[in-house]
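Each chain, written out:
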Amino acid sequence: MLRYLTAGESHGPQLTAIIEGMPAGVPLLAEDINRELARRQQGYGRGDRMKIEKDQVEILSGVRWGETLASPVTLVVKNRDWENWSTKMSSLPEFRDESQAVTRPRPGHADLGGALKYGHRDLRNILERSSARETAVRVAVGAAAKALLQLFGIRVGGVVREVGGVVATDPAASFEDIWASAGQSPLFCCDGTAEQEMKRLIDDAKGSGDTLGGVVEVQVIGVPPGLGSHVQWDRKLDARLAMALMSIQAIKGVEVGIGFETARRPGSQVHDEIFRDAARVGADSGGAYYRTSNNAGGIEGGMSNGEAIILRAAMKPIPTLYKPLRSVDMLTHEPFQAAVERSDTCAVPAALVVAEAVVAVEIANAFLEKFGGDSIQEIGCNYEAYCQRIRTL
Ligand SMILES: Cc1cc2nc3c(=O)[nH]c(=O)nc-3n(C[C@H](O)[C@H](O)[C@H](O)COP(=O)(O)O)c2cc1C
């Protein structure tokens with residue numbers, strides 16, 4: 001199984017991830033990971049911190065001469081601004097300075113709940129870890145998962161579907177073409193008209209000190225049928241993907257396929273009819289069976305069904321507003337208007353990159369569960385035998 005942990009504070013010296021369960025023989029270069037890190041830093045509506053960040057990964061273990069060894073992979077993203085934080089975030093007791101304590105919890109953040117739960121009087125002890133800065137190293141982990149999936153023809157991409165209530169539609173094109181077109185857009189959106197309107201809304205929100213959320217859509221192609229399982233609640237692929245997406249900071253809702261729309265339609269307009277064409281064998285991972293619609297988003301009964309996996313995640317507006325929100329100082333118990341730390345107006349494009357990463361990890365995990373082996377060669381043999389078998393069914 002593929003699993004990972006992340007560690008690190010937003011303004012600490014570095015973010016670290018350790019990935020366990022990566023098989024031997026996956027080609028992995030820092031530049032592949034850096035490409036994804038750069039995508040996370042793009043996007044219309046980001047704040048000044050992006051100018052400092054310029055993330056770069058260091059691969060500290062588990063990879064030799066460009067290939068994974070099957071030992072734990074350690075990925076590190078250094079904080080380029082560490083010298084300005086080295087005393088404030090020092091691990092050494094001699095730098096303790098309570099006069100700098102943050103005592104004003106920001107609505108929409110982990111500040112208040114974390115302070116009450118852990119008994120911290122300085123909210124920095126919470127906000128440093130709850131910050132979405134952590135998503136940088138999760139994107140690095142996702143890049144490693146993408147490298148593994150790519151070896152088996154599985155590709156993960158996506159688009160920004162909504163910003164501030166403006167909905168984008170896709171051109172009728174292949175997913176690869178859609179991703180290529182979204183890659184040219186500062187909002188990862190391939191509907192030019194919607195993009196202009198989204199940019200206008202972001203500019204307006206920035207001007208009035210407000211923030212905007214939106215909806216991202218992750219698409220996974222080339223997924224064979226049979227990842228995940230119906231037999232136990234915690235093995236269901238849709239449940240696992242939903243958890244992965246909901247674990248991203250600011251994600252408040254997840255849909256699989258047409259999601260909430262299924263509740264509004266009769267069954268005849270929801271369920272994807274099943275067809276078989278022997279001539280299709282070998283054309284796609286699904287074998288001879290196919291659908292002419294994909295409302296289920298590629299998952300039925302907790303298992304992939306061979307169609308593209310389609311997931312949407314709703315991101316709430318960034319909670320740190322220049323237009324202050326009311327809160328209460330935890331030291332004085334006096335009301336105040338929540339002040340601003342450096343912040344984004346809209347981080348929906350960045351959230352798309354993070355969403356792709358966590359989905360890639362979960363799909364890779366389910367793939368290894370099904371075809372698991374210690375090396376890419378071994379997994380390849382298992383995968384090929386399965387594909388041969390389902391072609392005959
Ligand atoms: C990519 C990304 C960037 C974010 N940037 C900011 C930001 O600049 N300022 C902010 O207040 N929140 C930002 N957030 C959201 C907060 O991290 C998140 O709302 C907060 O940690 C509370 O968690 P919750 O919304 O899941 O309850 C960002 C989230 C993501 C996914």
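Now for a description of the structure that goes with this document.

Conventions used here
- Residues numbered from 1 in each chain as written.
- Predicted model: local features only at pLDDT ≥ 70, side-chain atom pairs only at ≥ 80, totals over all residues.
- Heavy atoms only, no water.
- Helix = DSSP H or I, 4+ residues; strand = E, 2+ residues; numbered from the N terminus.
- Rg over C-alpha atoms; globule rule 2.2 N^0.38 Å.
- Buried < 20%, exposed > 50% of the residue type's maximum accessible area, 1.4 Å probe, protein only.
- Contact = heavy atoms within 4.5 Å.
- Areas by Shrake-Rupley, 256 points an atom, 1.4 Å probe, with all protein chains shown as cover.
- Lys, Arg positive; Asp, Glu negative; His and termini not counted.
- Charge placed at Lys NZ, Arg CZ, Asp CG, Glu CD.
- Salt bridge = Lys/Arg side-chain N within 4 Å of Asp/Glu carboxyl O.
- Axes fitted to C-alpha atoms, helices over the stretch in contact; angles between N-to-C directions.
- Left-handed = near helix turned anticlockwise from the far one by under 90°.
- Nonpolar A, V, L, I, M, F, W, Y, C, P; charged D, E, K, R; others polar.
- Near = heavy atom within 4 Å.
- Polar contact = N/O pair within 3.5 Å; in protein donor to acceptor, adjacent residues only side chain to side chain.
- Core = buried A, V, L, I, M, F, W, Y, C linked by side-chain atoms within 4.5 Å.

**Observations concerning the overall build of the protein chain**
Along its length, the protein chain carries ten helices and 18 strands. Relative to the globule expectation of 21 Å for 393 residues, the C-alpha radius of gyration of the protein chain, 22 Å, shows essentially globular dimensions. For the protein chain, the C-alpha atoms occupy an extent of roughly 70 × 50 × 40 Å along the three principal directions. The proportion of buried residues among the 393 residues of the protein chain is 50%. By sequence separation, contacts in the protein chain at least 24 residues apart represent 70% of the contacts at least 6 residues apart. Just so you have it, the protein chain exposes about 18800 Å², and 53% of that area is on carbon and sulfur atoms. Computed over 44 positive and 50 negative side-chain charges, the inter-centroid distance for the protein chain is 2 Å.

**Observations concerning the pattern of salt bridges**
For side chains of opposite charge, pairing can occur when their charged atoms come near one another. Tallied over the full model, the rule gives 28 salt bridges. Where arginine 138 meets glutamate 134, a salt bridge forms, and the shortest distance between an N and an O atom there is 3.1 Å. As far as the burial class goes, arginine 138 and glutamate 134 line up, both buried. Across the salt bridge formed by arginine 161 and aspartate 170, the nearest N and O atoms sit 2.7 Å from each other. The class of aspartate 170 is partly exposed, set by a relative accessible area of 28%. Among the charged side chains, a salt-bridge network with shared partners connects Arg161, Asp170, Glu217, Glu255 and Arg312.

**Here's the deal with the packing of helix H8 (residues 237-246) against helix H9 (residues 348-371)**
Helix packing for two helices is described by the angle between their axes and how far apart those axes are. Between H8 and H9, whose axes approach to 9 Å, the crossing angle comes to 145°. Handedness of the crossing formed by H8 with H9: right-handed. Contacts between H8 and H9 involve Leu237, Arg240, Leu241, Ala244 and Leu245 from the former and Ala355, Val358, Val359, Glu362, Ile363, Asn365, Ala366 and Glu369 from the latter. Along the lines of polarity and charge, the residues of the contact of H8 with H9 split into nine nonpolar, one polar and three charged.

**Some words on the site of the ligand**
In the region of the ligand, 17 residues are neighbours, and His109, Ala250, Lys316, Thr320 and Ser343 sit closest. With respect to the ligand, the side chain of histidine 109 contributes an N or O atom lying 2.7 Å from an oxygen atom. Against a free-state accessible area of 630 Å², the protein chains account for coverage of 85% of the ligand. Among the residues making up the shell around the ligand, the classes are represented as eight nonpolar, six polar and three charged.

**Notes on the nonpolar core**
Judged by nonpolar contacts, the single largest core of 83 residues is most densely connected at Leu245, Ile309, Val359, Ile363 and Phe367. Of the residues forming this core, the biggest block, 17 residues, is contributed by H9. Beyond its immediate stretch of four places on either side in the chain, isoleucine 309 contacts Val218, Gln219, Val220, Val223, Leu237, Leu241, Gly297, Gly298, Ile299, Ser304 and Ile363. Ile178, Cys190, Ile221 and Ala308 belong to the second largest nonpolar core, which has eight residues in total.

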